[in-house]
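Examination of the molecular architecture
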Amino acid sequence: MKNQRLIFFLITYSIFIFNTNAQKVSIQQAIQQSNYPLAIQLIDKEKPTFDLEMQKVTCLKMMNNFSSAIPLLESISSRYSPNVYCLRELADCYQQVEDFNKSENCLQSALSLSPDNSVLLRLLGENYDQEGKKDSAIVYYKKTIEKNPADFVTAQKLAKLYLKKDQLEDVISLTNQYLKQDSLNVQMNKLSGAAYCLSHRYSKAIEQLQKIEAADSTYDTNYFLGMSHYGNNNYFNAIKYLKKVYQKDSTSLSNIYYLGNAYGECFNSPKAIEYLNKGICIAQKVDSVLYNFYMTLSTAYHTEKKYKEEITALSEAYKRMPTHSLLLYKIGSIYDIALKDEQNTKYYLELFISKIQQGVKDKYEKTGKDVDQMYLLSAKRRLDELKEKKLAQKNK
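Criteria and thresholds
Residues numbered from 1 in each chain as written. Predicted model: local features only at pLDDT ≥ 70, side-chain atom pairs only at ≥ 80, totals over all residues. Heavy atoms only, no water. Helix = DSSP H or I, 4+ residues; strand = E, 2+ residues; numbered from the N terminus. Buried < 20%, exposed > 50% of the residue type's maximum accessible area, 1.4 Å probe, protein only. Contact = heavy atoms within 4.5 Å. pLDDT = per-residue confidence, 0-100. Axes fitted to C-alpha atoms, helices over the stretch in contact; angles between N-to-C directions. Left-handed = near helix turned anticlockwise from the far one by under 90°. Nonpolar A, V, L, I, M, F, W, Y, C, P; charged D, E, K, R; others polar. Core = buried A, V, L, I, M, F, W, Y, C linked by side-chain atoms within 4.5 Å. Expected span 1.5 Å × (residues − 1). Polar contact = N/O pair within 3.5 Å; in protein donor to acceptor, adjacent residues only side chain to side chain. Phe/Tyr/Trp six-rings, centres within 6.5 Å; stacked < 30°, edge-to-face > 60°. Lys NZ or Arg CZ within 6 Å of the ring centre and 35° of its normal. Parallel < 35°, antiparallel > 145°, perpendicular 65-115°, else oblique.

1. As for the overall build of the protein chain
When you go through the protein chain residue by residue, the secondary structure sums to 21 helices and zero strands. Here the protein chain, with 396 residues, has 42% of them falling under the buried criterion. Long-range contacts, defined here as pairs at least 24 residues apart, represent 48% of the contacts in the protein chain between residues at least 6 apart.

2. Let's talk about the confidence of the model for the protein chain
Of all residues in the protein chain, 90% attain a pLDDT of 70 or more, and the chain-wide mean is 89. pLDDT under 50 marks residues 4–22. Its contacts with residues more than four places away, or in other chains, come to one contact. In this model, residues 360–368 is a region of pLDDT below 50 whose contacts with residues beyond four sequence positions or in other chains number 21 contacts.

3. Observations concerning the packing of helix α13 (residues 219–231) against helix α15 (residues 253–265)
Each pair of packed helices gets described by two things: the angle between the helix axes and the distance between those axes. α15 packs onto α13 with a crossing angle of 35° between their chain directions and a minimal axis gap of 11 Å. For the pair α13 and α15, the crossing hand works out as left-handed. Side by side, α13 and α15 meet where Tyr219, Tyr223, Met227 and Tyr230 of the first sit next to Ser254, Asn255, Tyr258, Asn261 and Ala262 of the second. A class-by-class count of the residues in the contact of α13 with α15 yields six nonpolar, three polar and no charged.

4. A few points about the nonpolar core
Of all hydrophobic cores here, the largest spans 109 residues; its most connected members are Leu297 and Phe352. Counting residues per element, this core draws most heavily on helix α17 (residues 287–303), which supplies eight residues.

5. Considerations on helix α5 (residues 84–96)
An α-helix turns once per 3.6 residues; consequently, residues spaced three or four apart project the same way. Over its 13 residues, α5 runs 18 Å from end to end, which matches the ideal 18 Å to within 8%, given 1.5 Å per residue. Close packing links the buried residues of α5 with α3 (50–62), α4 (66–79), α6 (100–113) and α7 (118–131). The backbone nitrogen of Tyr85 has a side-chain oxygen 2.8 Å away, supplied by the residue at the start of α5, namely Asn83. Two residues or fewer after α5 comes Glu98, characterised by a positive phi angle close to 60°.

6. Examining the packing of aromatic side chains
With the rule as written, the count across this model stands at 15 aromatic pairs. Residues Phe152 and Tyr178 carry aromatic rings whose centres are separated by 6.0 Å and whose planes lie at 50° to one another, so their mutual orientation is tilted. Of this pair, Phe152 sits in helix α9 (residues 152–164) while Tyr178 is found in helix α10 (residues 168–179), placing the two residues 26 residues apart along the sequence. Both rings, one in Tyr223 and one in Phe224, keep their centres 5.4 Å apart while their planes meet at 75°; by these two values the pair is edge-to-face. Since its relative accessible area comes to 14%, Phe224 is described here as buried. Residue placement shows Lys278 over the ring face of Tyr275; its charged tip is 4.8 Å from the ring centre.

7. Describing the packing of α6 against α7
At their nearest, the axes of α6 and α7 sit 10 Å apart, and the two run at 165° to each other. Judged on the interaxial angle alone, α7 and α6 are roughly antiparallel. At the point where α6 passes α7, the crossing takes the left-handed sense. Mapping the contact onto sequence places Phe100, Asn101, Ser103, Glu104, Leu107, Gln108, Ala110 and Leu111 in α6 and Leu120, Leu121, Leu123, Leu124, Asn127, Tyr128, Gln130 and Glu131 in α7. When its residues are assigned to classes, the contact of α6 with α7 shows nine nonpolar, five polar and two charged.

Now the structure itself:
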């Protein structure tokens, strides 16, 4: 009789263990099959454990149900001993609902348990970054790299932050340090090249960017290669790369402007005119941009000896920047020297003198000073000469 009871107990216990294990296997299968609602139903039938509840959190997060995941995680945190994994998951949920203060508190609590954890340092940096606290983000990104110099993701984010803040030397220092261990890293070479270009060290920028040119033909790589060759006055190579940029994005005003300018420097005025006019069509409502386009276009027309078109371009530039009164002198001089049109010469030189005498300041070439007195005296002298010429003709 005792043996029969023992056998019955063992059979019953075995069935219980089998069913329990089968249930757990079913949970894993449901998760693997992305059937998260079923997995949650199966988990809820089980006796709560830390691991099972964290699996439920995972399911809720995969369903983007952060409003349910957060109270569950807070409950887990209160019922179990402090746990870095749980706090990290809670911080992530708060980030997803853009409650960055609570996310920060969770990460700080996790760091108090594991102060040298580079992942937590990075996550806190990312939290500050998303919140717009860029200086704090930089502090924690730097701490992350100190703990883990091979962390490419953090190094890239830090370099991009430095670049946005125009801290070019910091970009160069950081990328150079990282490239010692991964010299062909495309993104870090690209950021290094951009920083060298923006700091006017064009040859060094070209050196960095040529390392990745074959592997990376993106907009940024070609743009900074083009701009670096442009900065080195190598306009033919500048055209080579800026044309590639134009093929990728035919609306980039900066690229179109320098491409047109490079053609002008290569004495290919027809191409310069073609691209600059394209830029003008795009930039109809941006006066400061249009001014630069019209000024460069006027130079291209001058090279082609298309003086009427040059005057039109200068007039359009003046409309956008009426404080640049030296343009009136330039227009008057073209009418005088190139077109021999005394009436328009007189009109524009008198208008130029009038603007100066009214105290209009000219910021041409960014001097911020009054127009050079030389131009004022020259205009007055030329008007006197035209007046004397007219009187002489009357007296004949």
